[in-house]
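# An overview of the molecular structure
As a plain string of letters, each chain reads:
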Amino acid sequence: MASGRGPRRIVLVGFMGCGKSTVGAALATRLGWGFRDLDRWIEERHGMTVAEIFRRRGEAFFREEEHRAARAAARLRRCVVAAGGGAFAFEATRETLRAGALTVWLRCPESALWRRVPRDGSRPLAGDRGRMRRLLGEREPSYRLADLAVDSSRAAPDEVARRIVEAAFKRAPRSRRTRKKT
Ligand code: S3P
């Protein structure tokens with residue numbers, strides 16, 4: 001359904017629990033595009049969950065793999081990419097994710113994030129609220145570097161996806177200066 005000029009890839013960023021995977025899947029369906037979740041890609045590559053990778057290989061290793069996943073995703077066209085909550089906080093990964101893509105921060109207040117993130121050990125960095133609050137504070141400046149910010153705390157995933165499509169494919173008025181002389 002996407003027509004006209006628009007991005008060839010949309011990358012969703014934001015803290016754990018902001019809805020990147022659910023909104024990402026809804027957005028991909030809406031656009032008729034592919035969907036790639038970087039965490040799932042890493043898990044498939046290693047045959048381990050993210051929690052196991054953190055436990056057995058450490059966070060630094062996970063971040064390297066996350067950068068690798070971002071590089072692989074940078075080759076994709078007509079694809080929605082859901083990045084893990086920490087990806088945009090690391091400059092090299094962030095720059096890889098931004099290249100040629102529209103980046104969208106799914107913004108959500110801390111209280112909603114805390115309600116949504118399962119405390120079942122699947123997110124190694126989401127154990128206690130104080131730590132989560134601190135991490136969120138540290139990361140917000142990097143999320144702000146995304147091209148768009150869309151609130152994902154109240155609307156249903158499909159409605160958030162609709163708003164992203166509207167913003168992403170809104171036709172920019174053509175500038176006279178860039179029009180070729182005939
Ligand atoms: C992380 C977020 C997780 C996952 C890993 C680290 C983070 O992804 O990449 O547990 O540093 O915030 P989600 O944001 O998809 O939960």
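See the structure printed just above.
Notes on the structure in this doc start here. Fair warning: this is a prediction, and the values are worked out from it, not measured in the lab.

## Some words on unusual backbone geometry
The backbone phi angle of Arg 78 is positive, close to 50°, even though this residue is not glycine. Tracing the backbone through its elements, the reader meets Arg 78 in the loop between α4 (59-73) and β3 (79-82).

## Observations concerning the site of the ligand
Every one of the 13 residues lining the ligand counts as a neighbour, but Lys 20, Asp 39, Arg 63, Arg 123 and Arg 139 are closest to it. Within the contact set of the ligand, an oxygen atom lies 2.8 Å away from a backbone nitrogen or oxygen of Gly 85. Measuring from an oxygen atom of the ligand, one finds a side-chain N or O atom of Arg 139 at 2.6 Å. Its residues placed into classes, the shell around the ligand shows five nonpolar, three polar and five charged.

## Describing the environment of Trp 41
Within the element layout of this structure, Trp 41 appears in helix α2 (residues 38-46). Sequence separation between Trp 41 and Arg 5 is 36 residues, and the spatial gap between their C-alpha atoms is 29 Å.

What counts as what
- Residues numbered from 1 in each chain as written.
- Predicted model: local features only at pLDDT ≥ 70, side-chain atom pairs only at ≥ 80, totals over all residues.
- Heavy atoms only, no water.
- Helix = DSSP H or I, 4+ residues; strand = E, 2+ residues; numbered from the N terminus.
- Near = heavy atom within 4 Å.
- Polar contact = N/O pair within 3.5 Å; in protein donor to acceptor, adjacent residues only side chain to side chain.
- Nonpolar A, V, L, I, M, F, W, Y, C, P; charged D, E, K, R; others polar.

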